[in-house]
Amino acid sequence: MAEDGYWTALARRGVRRRGFLTGGAAALTAAMAAAAGCSSGNNSSKPAATAGSNARVAGTVAPAPPTAQALATADPALANAKRGGTFNIDQPDEPISLDNHRQETPGSIQAANLVYNHLLKRAEDFVAAPGIIYVSDELASGWEQVDKLTYRFSLVKNAKWHNTAPVNGRPFTADDVKYSIDRMRGSDPELRTRSAWAPVDKVEAPDPNTVVVTTKQPYAAFIAIAGHTWSIIMPHELADTPDVNRKAIGTGPFLFKDWQSGVALHFDRNPEYFRSGQPFLDHVVMRVVPDLGARTANFRAGETEIWGGSPPTIPFSTIDEIKNSLPDVNEIKRTGSNNSGTKAFFNTTAPPFNDKRVRQAFLYGADYDSMIKIFGGLAQRAGPMPLASVWGLKESDFPKTDVAKAKALLEAAGFTADKPLRVKTTISRQYSGPAVSQILQQVMKPVGVTIDIDQIEDTAWITQVYRGGQNYQMTSFGDWSWEDPDRGLYAYFHSDGNANNTHYTSTQADALLEQQRGEFDLDARKKIVRDLQLLLVDDAPNVWLVSTGTDELARKRFRNYKQMQMGNSNSYREWENCWFDPLPNS
Amino acid sequence: MATAERAARDDRLVFAPDTPATSIVSWPLAVARFCRRKPLGAFGGAITLVLIVMAIVHPWIATHDPNALNPNEVLHGISGRHYFGTDNYGRDVYSRVVYGAWASLEVSIISVAIGTAIGTAIGVVSGYFGGAVDMVLQRVVDAALAFPGLILAIALVGLVGPSVKNVSIAIGLVTFPSLSRIVRGPVLSIKEQPYLEAARSTGANSLRIMVRHILPNITAIIIVVVTARFGTAILVESSLSFLGLGPPPPTATWGSMLSGDAIYIMQTAWWLAFFPGAAITLVVLGFNLFGDALRDVLDPRLRGRA
C-alpha cells in the first residue's frame, strides 16, 4: 500500500480535540495579531522593552504564544549587583492596610508590594517609550491569550510562601491564583478591585502550574489589570482572617517583620525568593514621616536614599541646592509631567455641585497657565488620562480659560455678585492637598468663587472623601494617575463603579466605558476613550487641573533605582532589583 | 530708708498725685514719669503699641494681598517691591507678616479675655466664699494645672479642629487656672477687711460685694498678669500654628510662616524665617518688658510671681 498522504493519514487517525483547538486557536490568534498589527500603527513598532525579556504591550491582543520563559528576567544591569545593606524609606502617608485589594493608598501599596507578588508585573521604560505599558512576568512565567475570552498563565515552579504561620512556607500553586482572583472580583464592598476584575467569568487551575482565566466578554484591559499594583496574589490562610490588614505573608522578595503604628515597618530579605540571588538588600525599613521638613533633614543626614517632591512645595531651586550640597547624590529628573494629576472633584449629589454649570465654572474659570508656572513650569494640563500617555487628550482638546464664561455660568446657576458662591474643600495634608487647594483658592477668586479650606485627618479624608462619602462638597489634591483607561476611568465614572467617589451617573459615559472595555483594537479603543474623556471633561465631575513635574534625588551608592512614570506615587518600585555599592573601604 | 524700700516707694510714686490734695492722677504726667523711671518698660510698651497699631491698620500698610500667588516671583529676596522677599508660592512676606500681626493679635486678645474672665471669676468666687466652694473649685484648677499647657492646647485644638476661634478658646482655657490662683490670694485677704463687713451689714449681697468692692482692688494684679499673658498667648499661638494646628492654610500667622514645610527652604531663603521670627521675638519681648515694669509700678509685691 502506498504511503498515506498527510490528509489521508489525518482523516484516518481523526483529529484530536485538543489538537484542533490548539491549532485553531493559534490560527485565530495569528489572524487577530495580523489584523492588530496592521491597525495598531505606531504601537506595534515600539522598541522592545528593556525591562524583562518577556515584556509585551498591554491593551492589545497578544502575539503568537511564547515558549516557556526562563525564570530570571534578563536585565543585564543585575549582573553587577552586590548583596547587603539596609534600605530606609521615609513614607509620608502611613499604610492604612497591607491588603491592597482593599486599600490602595501609596503607603499601603509601597509596603505590601515588598511582600507580595503579582501574576504579571507592570514595567515601563519612560525614557524610551513614555506612556506605553509593558507587562513582564512575575509569578506567571509566561502567558498567552488563547482566544478573545481566554487567557492561560504558566506559573513559576519554585515559588514558596513565606515561612510564617499560618502559611508556613508551603509551595505557591495555581489554586492560590484562583483564590486571589476570586477574592478580587468578590462582593466585599471594601474591595477596590471589584470593577476591574468583574469581567472575569471563571478561573480554573487545571494543574498546579497553570491557571486559565475566562472573561464574560472581550476585555481589552485584562492583561493590564493582571499586572496592576493592587492585583497581589495572597494566601487564603491569611487573607480570610482579620490579620490581613496588619500582617503580610506573600511570595515576594521581602518578609514582613513588624509594624509599629506611626513609627515604622520592618522587612527582611526573603532567602527563598523564587528569583534566586534576589533580592540584594538585606533589610528594608519604611519609616512613617509625614513632615516634609523631617524627610528633607533625614535625606541630608544620609539616613535615606531617596527624596523628592514637586513645586511649589519644593521649588526646583531648592532641589538643586540640596543636590549641590551633597556630593553623593544623583538627580533623577522627570522631563514629562504625567505623574500625579492635580484636580478638584465634586460631590454631584448635593448642592451646589449637583448643578453642572457650577462645576463647569471651575473648568472655564481656573487659570491653568498660572498653575502650570506655579507647579514648576514642567507641568502641563491634566486630563482623565495623562496627556503624555498614548491615551491622552491634547492640550487643544481642553477649553481655554474664560473667566467671563465662568461667571456667566455661575449667574445662570443663581450665583451673582450679591449672592456669590462659597464652597468648602475638604482635604488632608497629604497628596498635595494644601498646595493644590491654596492655588485653586487664589485662581478662582477672579471668578467670584470663595473657597474655604477644611483640612481633616489623613485617614478620615481617605474614608470620607476619597472613597466617596456624602459629607463633602469638593476636594482638591494631586491624584495618582493610571496606565490603562479601564483602570483609570471605569471604577471612578461608571454608575456601577466601585470607586465612584463623585456619585456621577451618565448613561452616555456608561456606554462608552463598557465599549472601550471590550475593544482590543488599539486605534479603535483610543477613539472611544477619546470620546469618553471629552465627555468627562465637559460634564466635569472632576475638573482636571495640571500635572506636576517631579524631581527626585537618589544616593549614588543606591543602584538601579528606576522611577515609574505613570502613577508614580502609587506604583511599586522594583526594590528587588536595587542594591548598594559597597562603601569605599569595605 | 533702705534701698529696696526706697526703690519700692519710688516705683509706686509713678502714679502719685502731684499735690497731696489732688486725688486725680494726671495721665500724661504718669506716662512721662513711667518713661523716665522705667525706660526698658517704656521701650517694651512702645514695641507693643507698634504691634497693636500695625495689626489694626494692617489692610492699609500691607503692600500686597498676603495670599496672592505670584508664579513669576518665587523665592525672591528683599527688594523694593517686596520689603521682606517672597515665599515659594511667590507671596509677599512683608504683607504676610503684617496680616499675621492681626491674626496674632486677634488670637491673643480673645484668648486673654477668655482666660482672664474665667480665671478672675473662679479666683474671686473661690476666695470669697471659701469652704466647700473653694475646695471644689481649686481641685478643678489643680487638675487643669497638672497638664502641661502646650500639650493641653494641642489636645483641645486637635479635638475641635483648627480655626482662629478654636485656637483662642484653647489658649484661654489653658491659661485661666494659674490666673485664678493668683487672684485668689489677694481676695482671701481683702475679704477680711472691715469695710466689707460694713457693706454686708447694709444688705449688699455677695455678688454686689464681689463686683463693687473686691474686683476694683485686684484690678492692678489682673492688669499686670494680663499684660504678661499677651506675650505667652502669642507664643502658644505660634507654636500651635507651627505644629499645623493653627488657622487653616493659607491664613498667614507668624507661627505657620515658620512651620515645618518651609524649613528646608529656609536654609537658603533666610528671609522666610527671619522676619516672622523677629516679629514674634520683638512682640513677646515687648509685652514682657512692659508687663514687668507695670508690675513694679502698680504692685511690687507681685515681683517674682505672675
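Located above this text is the structure these notes cover.
This is a predicted model, so every value here is computed, not measured. (Residues numbered from 1 in each chain as written. Chains lettered and ligands numbered in written order. Predicted model: local features only at pLDDT ≥ 70, side-chain atom pairs only at ≥ 80, totals over all residues.)

(A) A look at the overall build of chain A. Helices and strands together make up the secondary structure of chain A, namely 17 helices and 22 strands. Across the 586 residues of chain A, 51% fall into the buried class. (Helix = DSSP H or I, 4+ residues; strand = E, 2+ residues; numbered from the N terminus. Buried ≥ 20, exposed ≤ 12 C-beta atoms within 10 Å, placed from the backbone.)

(B) Examining unusual backbone geometry more closely. Residue and element names in this part refer to chain A. In this structure, Pro166 follows Ala165 across a cis peptide bond, with omega equal to 5°. Tracing the backbone through its elements, the reader meets Pro166 in the loop between strand 6 (150-155) and helix 4 (174-184). Cis geometry is found at the peptide bond from Gln278 to Pro279, where omega equals -5°. Along the chain, the position of Pro279 falls in the loop between strand 10 (264-269) and strand 11 (283-288). A positive phi is found at Ser432, a non-glycine position, where the angle reads about 60°. Secondary-structure assignment places Ser432 in the loop between strand 16 (421-427) and helix 13 (433-443). Judged by the 23 C-beta atoms lying within 10 Å of it, Ser432 falls in the buried class.

(C) View of the environment of Arg194 of chain A. Residues and elements named next belong to chain A. Take Arg194: it is sitting in helix 5 (residues 194-197). In this structure Arg194 comes out as buried when scored by C-beta crowding, with 20 C-beta atoms within 10 Å. For Arg194 and Arg102, which are 92 residues apart along the polypeptide, the C-alpha to C-alpha distance reads 9.6 Å. Once residues within four sequence positions are removed from consideration, Arg194 is found in contact with Arg185 and Asn498. (Contact = placed C-beta atoms within 7 Å.)

(D) Up close: the interface of chain A and chain B. Residue-level contacts link 22 residues of chain A with 19 residues of chain B. Those elements that place two or more of their residues in the side of chain A that touches chain B are helix 8 (292-300), helix 9 (316-325), helix 11 (368-374), helix 13 and strand 17 (449-455) of chain A. Of all the elements, helix 13 of chain A adds the most residues to the side of chain A that touches chain B, at five residues. The residue inventory of the side of chain A that touches chain B, partitioned by class, reads seven nonpolar, ten polar and five charged. (Nonpolar A, V, L, I, M, F, W, Y, C, P; charged D, E, K, R; others polar.)

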